[in-house]
Amino acid sequence: MRLGIISALYEEQQGLVEAMRGPAKLIHGMREYWAGSLWEIDAVCVLSRIGKVAAAMTATTLVEKFGVTHILFTGVAGAGDKTVRVGDIVVAEALVQHDMDASPLFPRFEVPLTGLSHFQPDQQLSLRLSRAAHDFLELDFLDAISEGERHTFRLAQPRVHRGLVASGDQFMDDRERLDGLNKALPGLVAVEMEGAAVAQVCYELGVPCAVLRTISDNANENAATDFMRFVKSVAAQYAFHITRRVCRE
Ligand code: ADE
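Residues numbered from 1 in each chain as written. Predicted model: local features only at pLDDT ≥ 70, side-chain atom pairs only at ≥ 80, totals over all residues.

Digging into helix α6 (residues 195-205)
Next, step 1: Where burial is concerned, most of α6 is hidden: eight out of the 11 residues are buried.
Next, step 2: Among the residues trailing α6, Gly 206 stands out with phi positive, at a value near 70°. (Buried ≥ 20, exposed ≤ 12 C-beta atoms within 10 Å, placed from the backbone. Helix = DSSP H or I, 4+ residues; strand = E, 2+ residues; numbered from the N terminus.)

As structure tokens, this is what we get:
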């Protein structure tokens, strides 16, 4: 296995490169790729930046230039449903590009000429990710997240959800728009800006992938403030510990 690990922002992957043994940096297409050994796993870490094109370019490069055999995306997301709360963890069961709409030529959400609107991540890798997320909450959470942080973000008993993740080139901060998406996409648990692009690339290249998201905000009018605070303080702890557990399993 050679594992490619993508995040959009530095804080969503903080500590991983530092934890690498023998890290080597290679710059390609304006991004830094760090190759090395992560808890005995051959890995390549990279920040894609935000958005579907950036994520697709990064995933393609990881496969074509760095020869990764699996891709893991780790980052934060807005809640896609009222049952999903800030601090909860989402492991994607399917991914859709919510801003894809070539109707009336093709059904809404369908990626033209693929016949698909939903892309499935790899079941095995996703299962491994879910187990790592559960273990993080059970075994690391109280040590990793301070009491003050738990209080600030009201992180009482975070849960792990499996479900549909919707990606689009939009920061979602409008309750009505989210309600509309929620109705159009049954099973929606999170909204973000990269996952479905990575899933499409991986589908087309035949590479297994999995997507992990920690909920940073409720995708409503407070989303931008909540997102910034969450990313600045606790997002890195989630990503680091869960990735560590995935690699060591
Ligand atoms: N990532 C984190 N929160 C988000 C939101 N509300 N919309 C899109 N991407 C996000």
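Following the structure, the description resumes.
Observations concerning the packing of helix α3 (residues 123-144) against helix α8 (residues 235-248)
Next, step 1: Between α3 and α8, the least distance of the axes is 8 Å, while the angle of their chain directions is 125°. Relative to α8, the element α3 lies oblique. The crossing of α3 and α8 is right-handed. In this structure, α3 contributes Arg 128, Leu 129, Ala 132, Ala 133, Asp 135, Phe 136, Asp 140 and Ala 144 to the contact, and α8 contributes Gln 237, His 241, Ile 242, Arg 245 and Val 246.
Next, step 2: Across the contact of α3 with α8, the residue classes break down as seven nonpolar, two polar and four charged. (Axes fitted to C-alpha atoms, helices over the stretch in contact; angles between N-to-C directions. Parallel < 35°, antiparallel > 145°, perpendicular 65-115°, else oblique. Left-handed = near helix turned anticlockwise from the far one by under 90°. Contact = placed C-beta atoms within 7 Å. Nonpolar A, V, L, I, M, F, W, Y, C, P; charged D, E, K, R; others polar.)

Re the site of the ligand
Next, step 1: Taken together, 14 residues lie near the ligand, and Gly 78, Met 172, Glu 192, Ala 219 and Ala 223 sit nearest.
Next, step 2: Those elements that provide at least two residues to the shell around the ligand are β5 (70-79), β9 (188-192), β10 (209-217) and α7 (223-233).
Next, step 3: Ranked by the residues each element gives to the shell around the ligand, the list is headed by β5, at three residues.
Next, step 4: Classifying every residue of the shell around the ligand gives nine nonpolar, two polar and three charged. (Near = placed C-beta within 6 Å.)

As for the UniProt feature "domain: Nucleoside phosphorylase" (unreviewed entry) in the chain
Next, step 1: The residues that UniProt annotates with the feature "domain: Nucleoside phosphorylase" (unreviewed entry) are residues 3-244.
Next, step 2: Taken as a whole, residues 3-244 contains 36% helix and 29% strand, while its terminal C-alpha atoms sit 12 Å from one another. (UniProt positions renumbered as here; feature names shortened; annotations may be inferred.)

A closer look at unusual backbone geometry
Next, step 1: In this model, Ser 103 is joined to Pro 104 through a cis peptide bond whose omega is 10°.
Next, step 2: Position of Pro 104 among the secondary structure elements: in the loop between β6 (89-97) and β7 (118-119).
Next, step 3: Here Met 30, not a glycine, exhibits a phi torsion of approximately 70°, which is positive.
Next, step 4: Along the chain, Met 30 turns up in the loop between β2 (21-28) and β3 (31-38).

Describing the packing of helix α2 (residues 52-64) against α6
Next, step 1: Interhelical geometry of α2 versus α6 gives an angle of 35° and a closest axis separation of 8 Å. As for the relative orientation of α2 and α6, their crossing is right-handed in sense. Contacts between α2 and α6 pair Lys 52, Ala 55, Ala 56, Ala 59, Thr 60 and Val 63 from the former with Ala 197, Val 198, Val 201, Cys 202 and Leu 205 from the latter.

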